[in-house]
Amino acid sequence: MTRNDPVKHFFIWPALLTVLVISIFPLIYSLTTSFMSLRLVPPIPAHFVGFGNYTELLQNPRFWSVTWTTTIIAFVAVSLQYVIGFSVALALSRRVPGEGLFRVSFLVPMLVAPVAVALIARQILNPTMGPLNELMTAFGFPNLPFLTQTRWAIGAIISVEVWQWTPFVILMLLAGLQTLPEDVYEAAALENASPWQQFWGITFPMMLPISVAVVFIRLIESYKIIDTVFVMTGGGPGISTETLTLFAYQEGFKKFNLGYTSALSFLFLIVITVIGLVYLAILKPYLEKHK
């Protein structure tokens, strides 16, 4: 079969159209629903409300509260993942003893289901019967409210996110480090450049494109966090650790308010899009500088 053979279209187009229908139809239906007042329980006939759901959401303090909480968790967790991941990747790229064992062990957290990780973390951090608090009590320290006080609960969620997803950052950055040309470092060594100077002058600038991509991917994924929060705190105490996706779950699958939930989902999409565009706009000059 030649490259321009029309027969290939009989194989490509059906698959392409199927994917488009499967992905576009739910999106269009959800967008349409966001302009409707539609509730399943109690059943209320759907009627058009325009931007009423969006207006109600933007005037709801809970929406802004969960957006702020999600932003804190996402940015702090991703920042720690990047710093720790880059440090570990640098160490592994230096061919440290036991490098192969470290690579395998670092990947284990990423392979475990988030729900399972959250369940284990909830047991470990239990304020009364958790082994961590029992250990602290044995050394004379008081029990800490890991899951029952806002700051501690957010810190616990961030810690679990960092533990589970730092391996992804390590894997991506290590792959990038192994593609860097050795002759640049040899030239720097001849100029008596210190390891710190080599890092800031060579490694970090050359790793900037992949770093931007890795942080962007993790930031988007962190904004969608639900399983860890749902299992560890349920959004509590109160709604102090509730995230955007958990808020959407509460409205959609507990209150069955489909119109309101659809509007929330599209506002969530707008929030992520704006953050992504701002992030890329800020870093664009640096990326162009280090091309």
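Above this text sits the structure in question.
Asks: Tell me what's going on with the overall build of the protein chain, and back it up with residues and numbers.
Replies: Counting its secondary structure elements, the protein chain contains 12 helices and two strands. Secondary structure elements of the protein chain occur, N-terminal to C-terminal, as α-β-β-α-α-α-α-α-α-α-α-α-α-α. In terms of overall size, the protein chain is more extended than a compact globule, its C-alpha atoms giving a radius of gyration of 24 Å where 291 residues would be expected to give roughly 19 Å. Per-residue burial for the protein chain yields a buried fraction of 40% across its 291 residues. Looking at the protein chain alone, contacts between residues at least 24 apart form 68% of all its contacts between residues at least 6 apart. Side-chain charges of the protein chain comprise 16 positive and 14 negative groups, with the mean position of each set lying 6 Å from the other.

Asks: So what about the environment of P109? Which residues, and what values?
Replies: Looking at where P109 falls in the secondary structure, it is placed in helix α4 (residues 99-111). Considering only alpha carbons, one finds P109 and T166, 57 residues apart in sequence, at a separation of 8.7 Å. In contact with P109, not counting residues within four places along its chain, are W163, Q164 and P167.

Asks: Hey, could you go over the pattern of salt bridges for me, with residue numbers and the actual values?
Replies: One pass over the structure, following the stated rule, counts four salt bridges. Between E221 and K224 there is a salt bridge, with the nearest N and O atoms lying 3.2 Å from each other. Judged by relative accessible area, E221 falls into the partly exposed class, the value being 39%. Take K224: its relative accessible area is 40%, and that puts it in the partly exposed class.

Asks: If you had to explain the packing of helix α7 (residues 150-177) against helix α9 (residues 195-223) to someone new, which residues and values would you point to?
Replies: Remark: α7 packs on α9, axes separated minimally by 10 Å, with the N-to-C direction vectors making an angle of 150°. Regarding α7 and α9, the two cross each other, and that crossing is right-handed. Here E161, W165, F168, V169, M172, L173, G176 and L177 of α7 come into contact with α9, specifically with T203, M207, I210, S211, V214, I217, R218 and S222. The class makeup of the residues in the contact of α7 with α9 is 10 nonpolar, four polar and two charged.

Asks: Just give me the short version of the nonpolar core, but keep the residues and values in it.
Replies: One finds L57, F86, L173 and Y223 to be the most contacted residues of the largest nonpolar core, which totals 46 residues. Looking at this core, the elements that each hand over two or more residues are α2 (52-58), α3 (61-93), α7, α8 (182-190), α9, α11 (244-254) and α12 (258-289). The element contributing the most residues to this core is α12, with 11 residues.

Basis of the calculations
- Residues numbered from 1 in each chain as written.
- Predicted model: local features only at pLDDT ≥ 70, side-chain atom pairs only at ≥ 80, totals over all residues.
- Heavy atoms only, no water.
- Helix = DSSP H or I, 4+ residues; strand = E, 2+ residues; numbered from the N terminus.
- Rg over C-alpha atoms; globule rule 2.2 N^0.38 Å.
- Buried < 20%, exposed > 50% of the residue type's maximum accessible area, 1.4 Å probe, protein only.
- Contact = heavy atoms within 4.5 Å.
- Lys, Arg positive; Asp, Glu negative; His and termini not counted.
- Charge placed at Lys NZ, Arg CZ, Asp CG, Glu CD.
- Salt bridge = Lys/Arg side-chain N within 4 Å of Asp/Glu carboxyl O.
- Axes fitted to C-alpha atoms, helices over the stretch in contact; angles between N-to-C directions.
- Left-handed = near helix turned anticlockwise from the far one by under 90°.
- Nonpolar A, V, L, I, M, F, W, Y, C, P; charged D, E, K, R; others polar.
- Core = buried A, V, L, I, M, F, W, Y, C linked by side-chain atoms within 4.5 Å.

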